[in-house]
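Here is how the chains run, residue by residue.
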Amino acid sequence: MEPLINYFKDIEIHHVLDVGTGGGGFIHVLKKTFPEAVITGVDPSEEALEAARNHFQDVTFRQMVAEKLDFEDDSFDVVSISMALHHLSKVQKGLKEIRRVVKPDGYIVVNEVISDGLTPAQEVHKLYHHFRSHIDRLMGRYHRKTFTKDAILQMLKVAELPVQFFFEQRRNVNLVEDEAELDLRIEKMKSMLEQIKGSAEYDVLQPQIEEFRSKALKYGFQPATNLILVLRKK
Ligand SMILES: C[S@@+](CC[C@H](N)C(=O)[O-])C[C@H]1O[C@@H](n2cnc3c(N)ncnc32)[C@H](O)[C@@H]1O
């Protein structure tokens, strides 16, 4: 995330909130970007927060949804949301809350995986991710398909959060090094599928496992592109 670190290198930031922090995957980036800041992370999943607490003793974690942030107006210099916009059932409500708790001269950082302009190996990642999100939805967990870049820009425009700076990040790594690792992924997909056994969607999703396997062997399996944006209130 060098471009993000460079963007903030001369800007004084004291308080950072990470929304949808999960196990703290984005906290590493926040610590590098804002080395002096006090960081708070929030997420609805107590299980994920427990894992995050074990990793980061110097970060405060609280259970909370993006759509209802339990903070005063204008509380933070930076509010981030990473890989979580497509998990929000009410994206605009979440963005409104994020906008509310950031200071008038503060910044919002969005990191979100996108669904368009992908290479064939990244399309394999999208197939895998959308298989997971489909099962999550059938299990009653809100998890929509990933957004296109334009859809993200449009929702930020509606939220009145003008873009100051953005870049795309592509990681040129293969997520399965060999067939043994691929088999592990296949096993994971099969056990996810078992959770919805008996549902009409079972027969729709089952062929996707073989599709994933043959495409991963043909093209590889690389992370989809991330879009990283810095926004302000005005
Ligand atoms: C893919 S994880 C992202 C974790 C982390 N931010 C990262 O970048 O690695 C998505 C997270 O969004 C959280 N989430 C789901 N619904 C949410 C909501 N309404 N408000 C805030 N976070 C939510 C999930 O619990 C999950 O931890």
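Residue positions within a chain follow its written sequence, with the count starting from 1. Since the coordinates come from a predicted model, pLDDT governs what is reported: local features require at least 70, and pairs of side-chain atoms require 80 or more to be given and counted, while whole-chain, interface and lining totals use all residues. As a rule here, side-chain values cover all heavy atoms of the structure and leave hydrogens and water aside.

Q: Give me the site of the ligand: which residues, what numbers.
A: Whether a residue is near a molecule or strand is decided by its heavy atoms; if any one of them lies within 4 Å of it, the residue is near. Of all residues adjacent to the ligand, which total 16 residues, the nearest are Gly20, Asp43, Ala66, Glu67 and Ser82. Polar contacts, as counted here, are pairs of nitrogen or oxygen atoms within 3.5 Å of one another; within protein the pair requires one atom able to donate a hydrogen and one able to accept it, and residues that are adjacent in sequence qualify only if both atoms are side-chain atoms. Within the backbone of Gly20, one N or O atom sits 2.8 Å away from a nitrogen atom of the ligand. Measuring from a nitrogen atom of the ligand, one finds a side-chain N or O atom of Glu67 at 2.9 Å. All accessible-area figures derive from a Shrake-Rupley calculation using a 1.4 Å probe, and residue coverage is judged against the displayed protein chains alone. For the ligand, whose free accessible area comes to 600 Å², the fraction covered by protein is 77%. Points on a 1 Å grid, built from protein atoms alone, make a cavity when a 1.4 Å probe fits but cannot get out and make a pocket when they are open with protein on both sides within 12 Å along at least 5 of 7 lines; residues with an atom within 4 Å of a point are the lining residues. Those molecules having more than half of their atoms within 2 Å of a cavity or pocket grid point set are described as sitting in that cavity or pocket. If you map the ligand onto the pockets, it falls in the largest pocket. Only Asp, Glu, Lys and Arg are considered charged in this grouping, and only Ala, Val, Leu, Ile, Met, Phe, Trp, Tyr, Cys and Pro are considered nonpolar; every other residue, Gly among them, is considered polar. Of the residues belonging to the shell around the ligand, the class tally is 7 nonpolar, 7 polar and 2 charged.

Q: Outline the UniProt feature "domain: Methyltransferase type" (unreviewed entry) in the chain, listing residues and values.
A: UniProt positions are given in the numbering used here, feature names are shortened, and annotations may be inferred rather than shown by experiment. According to UniProt, the feature "domain: Methyltransferase type" (unreviewed entry) maps to residues 17-110 in the numbering used here. As annotated, residues 17-110 has a helix share of 30% and a strand share of 31%, and its two end C-alpha atoms lie 12 Å apart. Each helix corresponds to a stretch of at least 4 residues labelled H or I by DSSP, and each strand to a stretch of at least 2 residues labelled E; elements are numbered beginning at the N terminus.

Q: Which residues make up the packing of aromatic side chains, and what values do they have?
A: Two rings from Phe, Tyr or Trp (for Trp, the six-membered ring) form a pair when their centres are within 6.5 Å of each other. A pair whose planes differ by under 30 degrees is stacked, one over 60 is edge-to-face, and the rest are tilted. A complete count under the given rule lists 10 aromatic pairs for this structure. The interplanar angle of 65° and the centroid separation of 4.8 Å between the aromatic rings of Phe8 and Phe34 together place this pair among those described as edge-to-face. Here Phe8, found in helix 1 (residues 2-8), pairs with Phe34, found in the loop between helix 2 (27-33) and strand 2 (38-43); they are 26 residues apart in sequence, far enough to count as distant. On the basis of relative accessibility, which here comes to 4%, the residue Phe34 falls in the buried class. Measuring from ring centre to ring centre gives 5.1 Å for Phe8 and Tyr107, while their planes differ by 85°; the resulting arrangement is edge-to-face. Taken together, the residues Phe8 in helix 1 and Tyr107 in strand 5 (residues 102-113) connect sequence positions 99 residues apart. Of the two residues, Phe8 and Tyr107, both sit in the buried class. Chaining the aromatic ring pairs together yields one cluster made of Tyr7, Phe8, Phe34, Tyr107, Phe165 and Phe167. Each residue gets one of three labels from its accessible area relative to the maximum for its type: buried under 20%, exposed over 50%, partly exposed in between, using a 1.4 Å probe on protein chains only.

Q: Report on the layout of surface pockets, specifying residues and quantitative values.
A: Grid points are joined across faces, edges and corners, and a volume is the space filled by probe spheres set on the points. Taken as a whole, the largest pocket spans an internal volume of roughly 1300 Å³. Surrounding the largest pocket, 45 residues form its lining, Met83, Ala84, His86, His87 and His143 being those nearest its centre. Residue assignment for the lining of the largest pocket shows that the elements contributing at least two residues are strand 1 (15-19), strand 5, helix 5 (120-138) and helix 7 (179-194). When residues of the lining of the largest pocket are assigned to their parent elements, the largest contribution, 6 residues, is made by helix 5.

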